[in-house]
Amino acid sequence: MSERRAIPAVGRLLEALGETTLPRPFLSALVRRELASLRKEGDVPDFGKILSRIRAEVARLERSRLQPVINGTGTILHTNFGRAPLAAAAAAALGQIALSYSNLEYDRENGARGKRGAYLERGLALLCGSEAATVVNNCAAALVLVVRHFTRAKPEVVISRGELVQIGGNFRIGEIVITTGGRLREIGATNKTTLEDYDAAIGPDTGLILRVHQSNFFMSGFADAPPNDEIAQLARRRRVPFVADLGSGAVFPTENMGLTEHEPTATETLKLGVDLICFSGDKIFGGPQAGIIVGKARRIAALKREPLFRALRCDKLILAALQTTMEAHLRKEWPAIPALALLQISPEQLRVRGEELIEQLVSLPLRLRLVESETEVGGGALPRSRIGSIALGLRPERFSPNELAIRLRQGTPAVVGYISGGEVRLDLRTVLPAQDELLAGALRTCLERP
């Protein structure tokens, strides 16, 4: 009983905590949960230790809020960091739409209800050289919608075993297909599939042929698969829809960005005779998370009539950001799209930025140097592409590199790099130029702490 009486009151702890960034109800709930844990533990520490324990929980909770991160990992489309940063124009458009009413589903010409995303869909179709286009909330949703539609009457999905890929978060293409009610008809071997395999698999229950681009890995050696145009000819002859999931979804020649690896574009894939393709909006496209579907007009129209389409559609904010990104692509304003701009920065430019940062930080108890590094595109795109880059190498004098990495990622703003060669490294290609001052400030803060 005496132990229970030693547990301080909620109000006393809240007063001692002082101001935090958490809403008061959040803070009160956290304190009550911690006190409940103390009652179960039996031994009650003194007030100071209880307060320290709660402050640590408050700090952990504050760090879990959605907030900006300085990405020094060298991965441009980092899935854990939200993939592609938005263009300034897209962010501005998002703010304008968010802060007011909009013509989301209002026809200004007729003064009546309009069609959501009509302008965006027209622009995406033009950009991709397709008859029509539509969008849902991500590429997995696009695949779910497509498979659900085509397998209602004929449940089988013909797919090569070499394309049953796993995407982020342990999700697998095969599992997504099965979840929709479709039935997998796996063909070929892991490394080799022939046109004859496709032809033999097509039967009365075939709902579609699905091609999944191996965008997050590659096979070499004794590996082969028929090209899309041959599959398209077979699909037309056998009267079966042919759908391709392009994953990262380039809408421009990636070699124009200085990359050695060619990513299949939406336009060239459709020209090969594919009925529908889907790809992500937040990868090489450089926009917000979205699943973009382009292809035959009658197929797109049928998808939009599906009841599931309403559950998967995008809201006004995604449409606003996606619309502006689409316009930037049509104008070929690629330097204005951050993910694409980061691909084109030369190592020499990065070295100049690194030298300027070292000049600002030279007085800190820290050994600094510039090292050559390699950047990857990431986000399940262009797995063979490596881009020469420059990283800032950091070796603190008072504590270990691991401790510095912890302090940086738990600071404000959070800075995430990697440890290599006994030092913390921050790849400057993925640190946005506007964040250099913030990075310098974050380093000063974490090194000045005891």
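Residues numbered from 1 in each chain as written. Predicted model: local features only at pLDDT ≥ 70, side-chain atom pairs only at ≥ 80, totals over all residues. Heavy atoms only, no water.

### A few points about helix α3 (residues 24–41)
Selection criterion: In this description a helix means any DSSP run of H or I spanning at least four residues, a strand means any run of E spanning at least two, and both kinds are numbered starting from the N terminus. Here, expected helix span is obtained from the residue count minus one, scaled by 1.5 Å. Exposed residues in this analysis have more than 50% of their type's maximum accessible area, buried residues have under 20%, and partly exposed residues fall in between, with area computed by a 1.4 Å probe over protein chains only. Throughout, the arc means that of the directions going from the helix axis to the C-beta atoms.
With 18 residues, α3 should reach 26 Å at 1.5 Å per residue; the first-to-last C-alpha distance of 26 Å fits that figure. For α3, the full list of buried residues reads L27, S28, L30, V31, E34, L35 and L38. The buried residues of α3 occupy an angular sector of 160 degrees when projected down its axis, which confines them to one face. Away from its buried face by more than 90 degrees, α3 exposes P25 and K40.

### Remarks on empty space enclosed by the protein
Rolled over the atoms, a probe with the dimensions of a water molecule shows which regions are left empty. To keep things clear, this is the line we draw: Buried and open spaces are told apart on a 1 Å grid over the protein atoms alone, a cavity being a set of points where a 1.4 Å probe fits but cannot get out and a pocket being an open set with protein on both sides within 12 Å along at least five of seven lines. Residues with an atom within 4 Å of a point are the lining residues. Grid points are joined across faces, edges and corners, and a volume is the space filled by probe spheres set on the points. Each residue is assigned to one of three groups, with Ala, Val, Leu, Ile, Met, Phe, Trp, Tyr, Cys and Pro labelled nonpolar, Asp, Glu, Lys and Arg labelled charged, and all others, Gly among them, labelled polar.
Here the structure, examined in full by the defined rule, presents one cavity of 30 Å³ or more. Among the elements that line the lining of the largest cavity, the one with the most residues is helix α15 (residues 338–344), at three residues. Of the residues assigned to the lining of the largest cavity, the class counts are seven nonpolar, no polar and one charged.

### Looking at the pattern of salt bridges
If the charged atoms of two oppositely charged side chains come close together, the side chains can form a pair. Definition in use: When a carboxyl oxygen of Asp or Glu is within 4 Å of a side-chain nitrogen of Lys or Arg, the pair counts as a salt bridge.
In total, this model carries 20 salt bridges according to the counting rule given. Taking the shortest distance from any N to any O, the salt bridge between R353 and D436 comes out at 2.8 Å. With R353 in helix α16 (residues 347–361) and D436 in helix α18 (residues 436–448), this pair connects stretches of sequence that are 83 residues apart. One continuous salt-bridge network, built from bridges that share partners, spans E105, R113, R116 and R313.

### So, the nonpolar core
Under the convention used in this document: Only buried Ala, Val, Leu, Ile, Met, Phe, Trp, Tyr and Cys residues count toward a nonpolar core, and they belong to the same one when joined by side-chain atoms within 4.5 Å.
Core analysis: the largest hydrophobic core is formed by 79 residues, its most contacted members being I209, F279, F285 and L404. Ranked by residue count, the leading element in this core is α18, at six residues. Formed by 27 residues, the second largest nonpolar core is a distinct cluster that contains I173, L208, L210 and L276.

### Remarks on the side chain of H78
In plain terms, the rule: We call two residues in contact whenever any of their non-hydrogen atoms come within 4.5 Å of each other.
Assignment of secondary structure puts H78 in the loop between β1 (69–71) and α5 (88–98). Not counting residues within four places of it along the chain, the set of residues in contact with H78 comprises N71, T73 and R83.

### A few points about the packing of aromatic side chains
Condition: By convention, a stacked pair of Phe, Tyr or Trp rings (six-membered ring in the case of Trp) has centres within 6.5 Å and planes under 30 degrees apart, an edge-to-face pair has planes over 60 apart, and any other such pair is tilted. Only Lys NZ and Arg CZ are tested; either one counts as a charge over a ring when it is within 6 Å of the ring centre and within 35 degrees of the ring normal.
A complete count under the given rule lists two aromatic pairs for this structure. Ring plane angle 50 degrees and centroid distance 6.3 Å describe the contact between F279 and F285, whose orientation is recorded as tilted. F285 gets classed as buried once you look at its relative accessible area, which sits at 0%. Just above the ring of F47 sits the side chain of R12; from NZ or CZ to the centre is 3.8 Å.

### Observations concerning helix α14 (residues 316–330)
With 15 residues, α14 should cover 21 Å at 1.5 Å per step; its first-to-last C-alpha distance of 21 Å lies within 8% of that length. Along α14, the residues classified as buried are L319, A320, A321, L322, T324, T325, M326, E327, A328 and H329. Contact partners of the buried residues in α14: α5, α6 (118–128), β4 (132–136), β10 (291–295) and α15. In the stretch just after α14, K332 is the one whose phi turns positive, near 60 degrees.

### Describing the sheet that holds strand β9 (residues 276–280)
Put simply, the rule is: Paired strands, in this sense, are two strands between which DSSP finds at least two bridges. Fitted lines through C-alpha atoms serve as axes, helices being fitted only where they are in contact, and the angles separating the N-to-C directions of these axes extend from 0 to 180 degrees.
Ordered by their spatial adjacency, seven strands build an open sheet running β4-β10-β9-β8-β7-β5-β6, and the pairing between neighbours is mixed. Edge positions in the sheet fall to β4 and β6 (183–187), since each of these pairs with one other strand and no more. Strand-to-strand twist across the sheet, computed as the mean angle between neighbouring axes with direction ignored, equals 25 degrees. Taken together, the five bridges between strand β5 (residues 156–160) and β6 define a ladder with parallel strand orientation.

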